[in-house]
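# A structural walkthrough
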Amino acid sequence: MTVESTLPAPSSPGAEPGRPPLAPGGAPLLGHAWNLLRDPLGFLTRLRDGGDVVQLKLGPRTAYAVCDPELVATLLKSPDFLVGGPLWETMGVLLGKGVATSNGPLHRRQRRAIQPAFRMDRIHEYAAVMEEEARAMAARWSDGQSVDITAEVFRTATRIVARSVLHIESVDARADRLSTALHTVFEGLYRRMVLSFGPLYRLPTPANRRFENALADLHRLVDEIVAERRASGSNPGDLLAALLDDRDENGETVNEQEVHDQVVSLVVAGAENVAKTLTWVFQLLAEHPDAEKRLYAEVESVTGGGPVAFGDIKELAYMRNLLTESMRIRPAVWILTRLAAVDTTLGGFSLPAGADIVYSPLAMQRDPRAFTDHLAFDPDRWLPERAADVTPAAHAPFSVGNRKCPGDHFSMAELSLILGTVVSRWRLVPTSETDGSARIGITLQPKRAVLRVEARN
């Protein structure tokens, strides 16, 4: 099987496809892993200058970076490429073989098991929890207080996914533990992906001990959650109940490890990605007071000064565009990998079976070929009359094809309700502690999102 690009092949007509060119730079032994440690965002963004597909050396490994949005879209839709490669190998210690990391028939079965929990009628039910948690977070703050936005939104996002989708009891006692453990784990995962030298991570360094302790605590928490539900004997018809009742291809109840991995995948997706996205949104609003004023005016106009509710979301057009633009210019998920399942071609280049493929949503979403004034924060670029000029493949925050996030509508509802609730009550202002530059990990977040909240009235 092959994947054909709409771009011309680099070789002459009739010639066999060759290997992509080697990306410039790199260091002895580490190769381009050095660039990915020192300046990963800049490095990945500059790769497009070397071609649509380029070779990377990551220590002893060879990987191929895909830099063209249309080729990435082809990659994601082709059966020649699987979820795999350095990122997912690294994430395996956290996610196991849940829906995020599985392929083929296993992935299809796991996706079918969770999909009903994210139907629009269920999201309407979850909205009551989203509204309640958003208002509780906003009510905790006081006028003039400096708020660690990263910690606040992570705790709120964790509570929302725990209470709505999984109906986890004792969420108050576990939300902070989940938040702390996930933060430490995600911080350590990126270096493990780039420097894939296993022996380095068996050394008893303080960083390695922190990582292993946090990872163990996270898995203990999930085991507690599953055991608590089994012991209760209850079946509230939620997603956790569906996972516990799921059957494999032989009609047998799935094993405990698969249930565990599925719960971890859902908590990570529902807490980590949403929280990092919201942190960036609030940071961008603090940096762009004109956009913040427009958003507040729209929320007030739609709600009449009352609490933001699920039914208001469809009327909040500027909010939708602002969220879309925030996910474009400051994505939480900034690097992803795939694995070539067979010998294949991409963009006219030959790729061997087992090849690691790397691509960067951030680099695509800041590509000047796809976006006018590509580094500007401009929510109006998503107005209907302007959005038609955007290359669709360059911005797919919830992915495409059979790996499209099943919780996309859930996430957008959650983002909208938390954002609208906070903006209706508080103005966000940078402080001397604020540092809006990117902190590099498996996901991106501001280095220090400490903002002062000022009451509206």
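Going by the structure above, here's the rest.
Taken as a whole, this structure holds 29 salt bridges when the rule is applied. A salt bridge links D217 to R220, with the shortest nitrogen-to-oxygen separation between them at 3.5 Å. Pair noted here: D217 and R220 are both in helix α9 (residues 206-232), with a separation of 3 residues, about one helical turn. Between R230 and E256 there is a salt bridge, with the nearest N and O atoms lying 2.5 Å from each other.

Let's shift gears to helix α7 (residues 149-164). Here α7 is 16 residues long and its end C-alpha atoms lie 22 Å apart, about the 22 Å a rise of 1.5 Å per residue gives. Of the residues flanking the start of α7, the one acting as N-cap is D148, its side-chain oxygen 3.3 Å from the backbone nitrogen of T150.

The next subject is the side chain of R111. Checked against the element boundaries, R111 lands in helix α5 (residues 104-114). No salt bridge is formed by the buried R111. Its closest oppositely charged neighbour is D408, at 7.3 Å. Setting aside chain neighbours within four positions, we find R111 in contact with V99, N402, R403, K404, C405 and P406.

What follows deals with the environment of L37. Tracing the chain through its elements places L37 in helix α1 (residues 33-38). Classification of L37 as partly exposed rests on a relative accessible area of 24%. When the C-alpha atoms of L37 and L106 are compared, they prove to be 34 Å apart, with 69 residues separating the residues in sequence.

What follows concerns the packing of aromatic side chains. When we look at a pair of aromatic rings, we describe it by the centre distance and by the angle of the planes. By the definition in use, this model includes 4 aromatic pairs. Centre to centre, the rings of Y126 and F410 are 5.6 Å apart; their planes meet at 70°, and the pair counts as edge-to-face. In this pair, Y126 is assigned in helix α6 (residues 120-140) and F410 in helix α16 (residues 408-425), connecting sequence segments 284 residues apart. Grouping aromatic residues by their ring pairs yields a cluster made of F118, Y126 and F410. Between R456 and the ring centre of Y296, over which it is positioned, the NZ or CZ distance is 3.9 Å.

Attention shifts here to the nonpolar core. In terms of nonpolar packing, the biggest core is built from 132 residues, with L94, F282 and L419 touching the most fellow members. Non-local contacts of F282, meaning those with residues more than four positions away in its chain, are made with I149, V153, I418, L419, V422, L428 and L451. Residues A370, F371, V390 and A394 belong to the second largest nonpolar core, which totals 5 residues.

Within a sheet, neighbouring strands are paired by backbone hydrogen bonds and run either parallel or antiparallel to one another. If you walk across this open sheet you meet the 5 strands as β1-β2-β8-β5-β3, and the pairing is mixed. Where the open sheet ends on each side, the last strands, each with one partner, are β1 (53-58) and β3 (81-83). Strand-to-strand twist across the sheet, computed as the mean angle between neighbouring axes with direction ignored, equals 35°. Pairing between β3 and strand β5 (residues 336-340): 3 bridges, direction antiparallel. Among the inter-strand pairings, F81 is bridged to a residue of β5, identified as A340. Helix α3 (residues 69-77) rests against β1, β2 (61-66), β3, β5 and β8 (356-359) of the sheet, and its axis sits at about 135° to β8. Against the sheet, helix α4 (residues 86-95) touches β2, β3, β5 and β8, its axis set at about 110° to β5.

A positive phi is found at L29, a non-glycine position, where the angle reads about 70°. Relative to the helices and strands, L29 is located in the segment before α1. Phi is positive for S399, which is not a glycine, with a value near 70°. Within the element layout of this structure, S399 appears in the loop between α15 (384-387) and α16. The class of S399 is partly exposed, set by a relative accessible area of 21%.

Following the sequence through the fold, K404 ends up in the loop between α15 and α16. Given a relative accessible area of 32%, K404 falls into the partly exposed group. Along the backbone, K404 and L76 are 328 residues apart, and their C-alpha atoms lie at a distance of 9.5 Å. Sequence-distant contacts of K404, that is, excluding residues within four places in its chain, are made with R111, F398 and S399.

Right, let's talk about the pairing of β8 for a bit. By the alternation rule, side chains of β8 split into D356 and V358 and I357 and Y359, which are all buried. The sheet contact formed by β2 and β8 spans 3 bridges and is parallel. In the sheet register, Y64 faces β8, and the bridge partner there is I357. Where β5 lies against β8, 4 bridges are found, and the strand directions are antiparallel. Counted as the bridge partner of T337 is V358 from β8.

Below, the discussion takes up the sheet that holds strand β4 (residues 146-148). Here 3 strands make up an open sheet; going across it, the order is β4-β12-β9 and the pairing antiparallel. The strands lining the two open edges of the sheet, one partner per strand, are β4 and β9 (426-430). Between one strand axis and the next, the sheet turns by 45° as a mean value, whatever way the strands run. Here 3 bridges tie β4 to strand β12 (residues 450-455), and the two strands are oriented antiparallel to one another. Residue pairing across strands places S146 opposite R452, the latter belonging to β12.

Cut-offs and rules
- Residues numbered from 1 in each chain as written.
- Predicted model: local features only at pLDDT ≥ 70, side-chain atom pairs only at ≥ 80, totals over all residues.
- Heavy atoms only, no water.
- Salt bridge = Lys/Arg side-chain N within 4 Å of Asp/Glu carboxyl O.
- Helix = DSSP H or I, 4+ residues; strand = E, 2+ residues; numbered from the N terminus.
- Expected span 1.5 Å × (residues − 1).
- Polar contact = N/O pair within 3.5 Å; in protein donor to acceptor, adjacent residues only side chain to side chain.
- Buried < 20%, exposed > 50% of the residue type's maximum accessible area, 1.4 Å probe, protein only.
- Lys, Arg positive; Asp, Glu negative; His and termini not counted.
- Contact = heavy atoms within 4.5 Å.
- Phe/Tyr/Trp six-rings, centres within 6.5 Å; stacked < 30°, edge-to-face > 60°.
- Lys NZ or Arg CZ within 6 Å of the ring centre and 35° of its normal.
- Core = buried A, V, L, I, M, F, W, Y, C linked by side-chain atoms within 4.5 Å.
- Pairing = 2+ DSSP bridges.
- Axes fitted to C-alpha atoms, helices over the stretch in contact; angles between N-to-C directions.

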